[in-house]
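Structure at a glance
Each chain, letter by letter, is given below.
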Amino acid sequence: MKRTSTGLAVLTGAALLLAGCSDSGASSGGLSVSGAYIPQPVSADMAAGYLTISNPGSSKDELTSVTSDDGEITMHETTGGAMEQVSRLPVPAHGQLVFKSGANHLMFEKLKQTPKQGGTVTVELHFAKSDPVVVKMPVKSATYVPMTGH
Ligand SMILES: [Cu+2]
């Protein structure tokens, strides 16, 4: 593990707020999950979810399913404006599998409770090789847009 302590002093208030959300991060073996969130859905029993899976290791893996006690979750790819359900998605070696608005996303259906801003939905990510990772996905406002890049 590398530590970056000196850079912390220059973080802005907004960035500190973001860092406070680190409980949405989780890791298993080499894989780690960051930036997980669910925009508060407009529909009562259906929602989309986004997160990033990082793989610092030298062997690739695959996300094979996502499960939750709160409902059914499928993985969707968006190609040319149309979305398509997929059964697995690659997590490249030294790379990331990114779920974001307008691209890959998780689709929550048959939710037992409508996700409300401020709440969390717990999901379990299952991989071809790595151990499962449990992620508490925070529910954000319907118009929430994550900060990206530097
Ligand atoms: Cu979809």
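In what follows, the structure referred to is the one given above.
As a starting point, this report considers the structure included with it. (Residues numbered from 1 in each chain as written. Predicted model: local features only at pLDDT ≥ 70, side-chain atom pairs only at ≥ 80, totals over all residues. Heavy atoms only, no water.)

1. Details of the environment of Glu-109
Selection criterion: Every helix listed is a DSSP run of H or I at least four residues long, and every strand listed is a run of E at least two residues long, numbered separately from the N terminus. Exposure categories follow from relative accessible area, calculated using a 1.4 Å probe and restricted to protein chains: below 20% of the type maximum is buried, above 50% is exposed, and the middle band is partly exposed. Residue contacts are defined here by distance: any two heavy atoms, one from each residue, within 4.5 Å place the two residues in contact.
Turning to its location among the elements, Glu-109 is positioned in strand 9 (residues 105-109). Judged by relative accessible area, Glu-109 falls into the partly exposed class, the value being 29%. The spacing of Glu-109 and Ala-48 is 61 residues in sequence and 8.9 Å in space, taken between C-alpha atoms. Residue contacts for Glu-109: discarding those within four places in its chain leaves Asp-45, Met-46, Gly-71, Glu-72 and Thr-74.

2. With respect to the packing of aromatic side chains
By convention here, two paired aromatic rings are described through the distance between centres and the angle between planes. Inclusion rule: The rule is short: rings of Phe, Tyr and Trp, with Trp giving its six-membered ring, pair when the centres are within 6.5 Å, and they are stacked under 30 degrees, edge-to-face over 60, tilted in between.
Tallied over the entire structure, the rule returns two aromatic pairs. Taking the centre distance of 5.3 Å and the plane angle of 40° together, the rings of Tyr-37 and Tyr-50 count as tilted. Residue Tyr-37 is found in strand 2 (residues 31-39), and its partner Tyr-50 is found in strand 3 (residues 47-55); the two are separated by 13 residues along the sequence. Tyr-50 matches Tyr-37 in its accessibility class, with the two residues each being buried. Between Tyr-37 and Tyr-144, the ring centres sit 4.8 Å apart and the planes meet at 70°, which makes this aromatic pair edge-to-face. Taken together, the residues Tyr-37 in strand 2 and Tyr-144 in the segment after strand 11 (133-140) connect sequence positions 107 residues apart. For Tyr-37, a relative accessible area of 5% gives the class buried.

3. Looking at the coordination of the copper ion
Tetrahedral coordination by four donors places them ideally at 109.5 degrees to one another around the metal; octahedral coordination by six donors ideally gives 90 or 180 degrees. Where we set the bar: Metal donors: N, O and S atoms at distances within 2.8 Å, or within 3.2 Å for Na, K and Ca, with water omitted from the atom set so that some sites may seem incomplete.
Distances from the copper ion to its protein donors, His-76 (ND1), Met-83 (SD) and His-105 (NE2), fall within 2.1 to 2.2 Å. Here the donor residues for the copper ion map to a single chain with the spacing H-x6-M-x21-H. Placement of Met-83 in strand 6 (residues 82-86) and of His-105 in strand 9 is noted, with a sequence separation of 22 residues between them. When its relative accessible area of 7% is taken as the criterion, His-105 is described as buried.

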